[in-house]
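As a plain string of letters, each chain reads:
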Amino acid sequence: MNYIFKFPDIGEGIHEGRIVKWYVNKGQSIRSGDPVVKMETDKVVTDIPSPRDGTIVSRHGSEGELVNVGDALVEIALLGESEQTASSETKASHVAIVEEKGFGVVGKLEVAGDSAYLPVSEEGRLIRSDGVAGLKKKVLATPTARAMAKDMGVDINAISGSGPAGRVVKNDILRAVDGSSKIPIPKSAGEQLPELESPAVTLEPLTQIRKTIARNMIRSKQSAAHMTVFEQVEVDRLVDLRKRLNDKLSEKEMRLTYLPFILKAVGAALTQYPRLNSQMDMEKEQLIIHHDVHISIAIDTPDGLMVPVVRDVNRKGLLALASEMAVLAHKAQLRTLQLADFQGGTFTVTNYGAIGGTYGVPVINYPQAAILGIGRIMKSPVVRGDQLAIGYLMPLSLSVDHRIVDGAESARFIRRVMDFLSEPDSLLLV
Amino acid sequence: MNYDVIVIGGGPAGYVAAIRSGQLGHKTLLLEKDKLGGMCLNWGCIPSKALLESAKKLVEVQRAEEFGVTGIDVDKVGFDWTKAASRAERLVKRLSKGVESLLKKNGVETEIGKAVLNSPNEVLVNNRLLTTRFVILATGSLPMPIEGDVFSVKDLYPFKELLKQKSLPKRPLILGDGPSAIEMAQFFSMVNAQPLLVTFSERLVSMADPYISEVIGRQLQKSRVMVKAFSDLAWNNAKRLVHHDNWNFEYDALINLADRQAVLPETKGFSLDLHQGFLQTNEHLQTSQKTIYAVGDVNGLSIFAHAASAQGLFAVNHLSGVQGLYPPKAIPLNLYTYPEIAQVGYGEHQLKKLGIEYKTADFPLSANGKAMAEGQVDGTVRIHYEPRYGEILGVIIVAPQATDMIAEAVSLIELEATVADVARMVHAHPTISEVMMEAAFIAIDAPIHR
């Protein structure tokens, strides 16, 4: 029997990807877990492993081509099974197989949690017409359009309906499958978008990453009730401590930035104020409070913002954190981060101080409850006793989802973070 | 400009367009050369349905004994043409008044008179020249003269003239094979006249699913309507006689319900493009002059009043800047026969021609409790559906209330429903509508009552 391996629905709302490179050719044998294709999705460039052993019978799509979730990637003649008609397994059953065997990235992705890197719109998950739990609201669509979308692996929610009241009709699905369907950007009244290339403007197609960032930012702003508090903390002792430690580390050609200290301080404060380490589930009307502290770190890359996760911050030492962050940053520049690297974050730290910024109003990495922005440490006049002195001040900007965290609690939390940063020795006690 | 919109023709296309135009705040004038309500209300759909109802009552009374009604002497039961016709006229008057008041209520001015288009934005009526931004032509259609010189014109009258007859023709010759010809032929047979139906096309109601043609053929045979092809007949006008070999038929009335032709508006100094004798329109129902729309029979898109009204609304929406979709996918085709027949969506002939893959599921009324109780088991529901997703492509209903029941199928097709949806929808019991659900059960291979 032949097995048609379709571009799996790897969750997170991804519905298309670009084929970067094929690892297999027609006639080539493949083992389960071997990479089939390198795929660029909204978030990552990742290898998609084969879920089965067998021989490649056919390959669909050429390098550079955009494929939709559910499109056939390869047809595999399964090992040890007589060749019969290709099984046109549905997407659902296909995913089940992948999950069951738990191959590489694909298997993990399917079962991954909800709090990945700047999670994309929940819609992809909500609208899935294949009965997956979490079905909350449905895009307006005709029954036939739904049946076709499900069958063809089209994300019906990504389609702009041409029927009455924006209803997705059969022809919309057919157009989407033909690839001629462009999702129209809704124009607000009076908005003038230049339509043609002119000397005054350059038109630049959105990259997958930019599209994801756009969607996530909008979702965060539309879903969370943003509130931001600004503080500055005197960090003379931290400056001194870091200098001393770096002196020691210089022999090993290692160097600590401020970020590992900040992560430790945040991690310690979060254990005391766990609501900032939570997320809200409106559907079930409950708060999901995370016991682990996995901190997402915003990293600036030439392609755009990426936010991988440093796990179990409270269980790791400064050096471990530092080297882990270095690896993530390196991977981010090379775009070799795996989807798993983005998933599971419970709180985010963004360090725009490294670029020279002071204050900002950070956008929460939804559905997390809070994000802490770190500004540039500056020498500033400070008052000690009744004397004016020169001290090092670190600006902090904490955005919280006011649905989850009250103002007093966010003040207490940031005060705790400030305590740790101004008295870094106290981190030894946590 | 004197007006925003001048609508010419007060039938179901024109008066509906005028009402909507008035509602949208356009300064609107409706011009009608004869009677508000047009062909449909005055001389078509409405009076013919009234007459058919009279005939149906007669048949039901004749059958009443079977249902336990006593005291009816079937031999004495008869049909009073004058009463039936005057009932129809009263009904027409009442509805006509209703149209008049609706127009008034919505701020539409009306005027009786023949309109001439002096320019794309000027209308001449009753010796006045009116200027307007838009014109909606809804001038309708008339029976087309039969080709060849076989009739003296005075003998040939359209349905419009029938209502004026003092007595009911006993041996009417009905020309045509479309819905209204079939309905009238059956009407005459039900009131004990002896009609002859003279057909032109290869099959009856050729626009409908071939299954409907078959059903109609059986119905006509059952009600003893003689059917002859026009091309087979020889005519003797003087003797009002048609014959074919040794068979001959002497008629006392000729009713032309065959093809219709557009009533084209008179234009001065400009012309409007035609397509096969009808006003040519684009996808917005605009004629070759963009400020002039053509709706209803005059554009040749449909012969049905409900399609005409839908077009009227569409045109007004369009000239008001509202983009809509015309045509709607599902325009029902109704035949007020006995029992009634209705179809919506694709017929089998269209599916074959277009190469659309389909399957058909059907369920007879003879297995339906309500139909049996009513003693009307002659009928069926047929669903043409797309086999992969089960989308309903076409529905045919033959049943006593088929013309009302088809509304369910119109919704289903317009909303792209599948047979699985219909099977899942609860249909009240006992009703004839259950047959729709039963047919859907068959389509999903899970029949209950079969």
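Owing to the predicted nature of the structure, the values given are computational and were not obtained by experimental measurement.

## Brief notes about the overall build of chain B
Here is step 1: When helices and strands are tallied, chain B shows 13 helices and 25 strands.
Here is step 2: Across the 450 residues in chain B, those meeting the buried criterion constitute 52%.
Here is step 3: Relative to all contacts within chain B whose residues are 6 or more apart in sequence, the contacts with residues 24 or more apart total 64%.
Here is step 4: Looking at chain B as shown, the accessible area adds up to about 21000 Å², and 52% of this sits on carbon and sulfur atoms.

## Details of helix H7 (residues 210–222) of chain B
Residue and element names in this part refer to chain B.
Here is step 1: Counted at 1.5 Å a residue, the expected span for H7 with its 13 residues is 18 Å, and the 19 Å between its end C-alpha atoms agrees.
Here is step 2: Of all the positions in H7, only Tyr211, Ile212, Ser213, Val215, Ile216, Gln219 and Leu220 are classed as buried.
Here is step 3: At the N-terminal boundary of H7, the capping side chain belongs to Asp209, with an oxygen 2.8 Å from the backbone nitrogen of Tyr211.
Here is step 4: Arg224 occupies a position one or two residues after H7 and carries a positive phi of about 55 degrees.

## As for the interface of chain A and chain B
Here is step 1: Each partner contributes residues to the interface: chain A has 12 residues there, and chain B has nine residues.
Here is step 2: Across the interface of chain A and chain B, roughly 850 Å² is buried in total on both sides, 53% from carbon and sulfur atoms.
Here is step 3: For the pair chain A and chain B, the interface holds two salt bridges.
Here is step 4: Note that Arg388 of chain B is salt-bridged to Asp151 of chain A, the shortest N-O span being 2.4 Å.
Here is step 5: Across the chain A-chain B interface, the total number found is six residue pairs in polar contact (both at pLDDT 80 or more).
Here is step 6: Per-element tally for the side of chain A that touches chain B: the top contributor is helix H4 (residues 143–152) of chain A, with seven residues.
Here is step 7: The residue inventory of the side of chain A that touches chain B, partitioned by class, reads six nonpolar, three polar and three charged.

## Things to note about the confidence of the model for chain B
Here is step 1: Counting all residues, the mean pLDDT for chain B is 92, and 96% of those residues have values of 70 or more.
Here is step 2: Two summary scores accompany this predicted model of the complex, namely pTM at 0.59 and ipTM at 0.74.

## Structural notes on the pattern of salt bridges
Side chains carrying opposite charge are able to pair once their charged atoms draw close together.
Here is step 1: Following the criterion strictly, the structure yields 31 salt bridges over all chains and no others.
Here is step 2: Of the charged contacts, one joins Arg237 of chain A and Glu423 of chain A as a salt bridge, the two residues approaching to 2.4 Å between their closest N and O atoms. Here the residue Arg237 of chain A occupies a position in helix H7 (residues 236–249), and Glu423 of chain A occupies one in the segment after helix H11 (407–422), the gap between them amounting to 186 residues.
Here is step 3: Assessed through its relative accessible area of 36%, Glu423 of chain A is described here as partly exposed.
Here is step 4: A salt bridge links Glu324 of chain A to Lys316 of chain A; the nearest nitrogen and oxygen atoms lie 2.8 Å apart.
Here is step 5: Taking relative accessible area as the criterion, Glu324 of chain A reaches 24% and is therefore assigned partly exposed.
Here is step 6: With a relative accessible area of 22%, Lys316 of chain A lands in the partly exposed category.
Here is step 7: Linked by salt bridges that have partners in common, Glu53, Lys56, Lys57 and Glu340 of chain B make up one network.

Conventions adopted
Residues numbered from 1 in each chain as written. Chains lettered and ligands numbered in written order. Predicted model: local features only at pLDDT ≥ 70, side-chain atom pairs only at ≥ 80, totals over all residues. Heavy atoms only, no water. Helix = DSSP H or I, 4+ residues; strand = E, 2+ residues; numbered from the N terminus. Buried < 20%, exposed > 50% of the residue type's maximum accessible area, 1.4 Å probe, protein only. Contact = heavy atoms within 4.5 Å. Areas by Shrake-Rupley, 256 points an atom, 1.4 Å probe, with all protein chains shown as cover. Expected span 1.5 Å × (residues − 1). Polar contact = N/O pair within 3.5 Å; in protein donor to acceptor, adjacent residues only side chain to side chain. Buried area = accessible area lost by both parts, 1.4 Å probe. Salt bridge = Lys/Arg side-chain N within 4 Å of Asp/Glu carboxyl O. Nonpolar A, V, L, I, M, F, W, Y, C, P; charged D, E, K, R; others polar. pLDDT = per-residue confidence, 0-100.

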